[in-house]
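Results of the structural survey
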Amino acid sequence: MKTLTTLFILVLTLLGLFSVGHSFSIKGIVILESSNFDKALESFENLVVYFSSTECGHCGELDLAYAVLEEKYRNKTGQDGTPLVHFAKIFYEENNQLF
């Protein structure tokens, strides 16, 4: 659990430094919108959300880091067989009412 907490804090810290636009779609990353945001929060016990913006100039850096993180945890499961963590991305410009 300490590893997941550290991972979550790391991702949140990186999110404060970098953000990207619609430049990628990666297997395993759920794209969130205002229509499915609440359902995702209810459905996934451990959800790491990447808040992105097309207006940020640091485009490729966090995309790659987030993809590597998702791939690393993609097949990790808890004792009950459910995924240990889920990854999602939400675009600020299209969903700014959530912020």
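Along each chain, residue indices are assigned from 1 in the same order as the chain's sequence is written. Where totals are concerned, whole chains, interfaces and linings use all residues; where local detail is concerned, this predicted model gives features only for residues with pLDDT of at least 70, and gives and counts side-chain atom pairs only at 80 or more. Hydrogens and waters are ignored; side-chain quantities use all the structure's heavy atoms.

**Quick look at the nonpolar core**
Residue types Ala, Val, Leu, Ile, Met, Phe, Trp, Tyr and Cys, when buried and joined through side-chain atoms within 4.5 Å, form a set referred to as a nonpolar core. Only protein chains enter the accessibility calculation, which uses a 1.4 Å probe; a residue is then buried when its area is under 20% of its type maximum, exposed when over 50%, and partly exposed in between. Within the largest apolar cluster, 9 residues are counted, these being Ile 29, Val 48, Tyr 50, Leu 62, Tyr 66, Leu 69, Tyr 73, Val 85 and Phe 87. What counts as a helix is a DSSP run of H or I of at least four residues, what counts as a strand is a run of E of at least two, and both are numbered from the N terminus. Per-element accounting of this core gives the leading share, 4 residues, to helix H3 (residues 59–73). Core analysis: the next-biggest nonpolar cluster, separate from the first, contains 7 residues, Leu 32, Phe 37, Val 49 and Ala 88 among them.

**Section: the packing of aromatic side chains**
A pair of Phe, Tyr and Trp rings is counted when the ring centres sit within 6.5 Å of each other, with Trp represented by its six-membered ring. The angle between the planes then sorts it: under 30 degrees is stacked, over 60 is edge-to-face, the rest tilted. Per the counting criterion, the structure on display carries 2 aromatic pairs. Taking the centre distance of 5.5 Å and the plane angle of 80° together, the rings of Tyr 66 and Phe 87 count as edge-to-face. With Tyr 66 in helix H3 and Phe 87 in strand E3 (residues 86–91), this pair connects stretches of sequence that are 21 residues apart. What makes Tyr 66 buried here is its relative accessible area of 1%. Members of the aromatic cluster, connected to one another through ring pairs, are Tyr 50, Tyr 66 and Phe 87.

**Describing the confidence of the model for the chain**
The pLDDT score gives, residue by residue, the confidence of the prediction method on a 0 to 100 scale. Residues of the chain with pLDDT of at least 70 account for 71%, and the chain-wide mean is 76. At the low end of the mean pLDDT range in the chain sits helix H1 (residues 2–17), at 49; at the high end sits helix H2 (residues 37–43), at 92. The contact criterion used is simple: two residues touch if any of their non-hydrogen atoms lie within 4.5 Å. Confidence over residues 12–25 falls short of pLDDT 50; this stretch has 39 contacts with residues more than four positions distant or in other chains.

**Some words on the environment of Ser 43**
Within the element layout of this structure, Ser 43 appears in helix H2. Under the relative-accessibility criterion, Ser 43 is labelled partly exposed at 43%. For the purposes of these results, a polar contact is taken to be a pair of N or O atoms within 3.5 Å, where, inside protein, one atom must be able to donate a hydrogen and its partner to accept one; residues adjacent in sequence count only when each atom of the pair is a side-chain atom. For Ser 43, the side chain forms a polar contact with the main-chain oxygen of Lys 39, separated by 2.7 Å.

**Focus on the sheet that holds E3**
Pairing within the open sheet is parallel, and its 3 strands lie in the order E1-E3-E2. The outermost strands of the open sheet, each flanked by one partner alone, are strand E1 (29–32) and strand E2 (47–52). Sheet twist, expressed as the mean angle between neighbouring strand axes with direction ignored, is 30°. One ladder, built from 4 bridges, connects E1 with E3; its direction is parallel. By the bridge assignment for E3, Ile 31 is matched with Lys 89. Any two strands are treated as partners once DSSP identifies two or more bridges connecting them. Angular values range over 0 to 180 degrees, each being the angle between N-to-C directions of two axes fitted as lines to C-alpha atoms, with helices fitted over their stretch in contact.

**Regarding the pattern of salt bridges**
By definition here, a salt bridge exists when the distance from a side-chain nitrogen of Lys or Arg to a carboxyl oxygen of Asp or Glu is within 4 Å. The final tally for this structure, using the stated rule, is 1 salt bridge. One salt bridge in this structure joins Arg 74 and Glu 70, with 2.6 Å as the shortest N-O distance. On the accessibility criterion, Arg 74 (33% relative accessible area) is partly exposed.

**Points about a nonpolar patch on the surface**
Grouping into patches uses exposed residues only, defined as over 30% relative accessible area, and leaves out salt-bridged ones; the cut-off is 9 Å for like charges and 5 Å for nonpolar side chains (Val, Leu, Ile, Met, Phe, Trp, Tyr). Reported accessibility uses the Shrake-Rupley method at a 1.4 Å probe radius. Residues are deemed covered only where the shown protein chains occlude them. Judged by side-chain polarity, Phe 51, Tyr 92, Leu 98 and Phe 99 come together as a nonpolar surface patch covering roughly 350 Å² of accessible area. The exposure class assigned to Tyr 92 is partly exposed, which follows from its relative accessible area of 36%.

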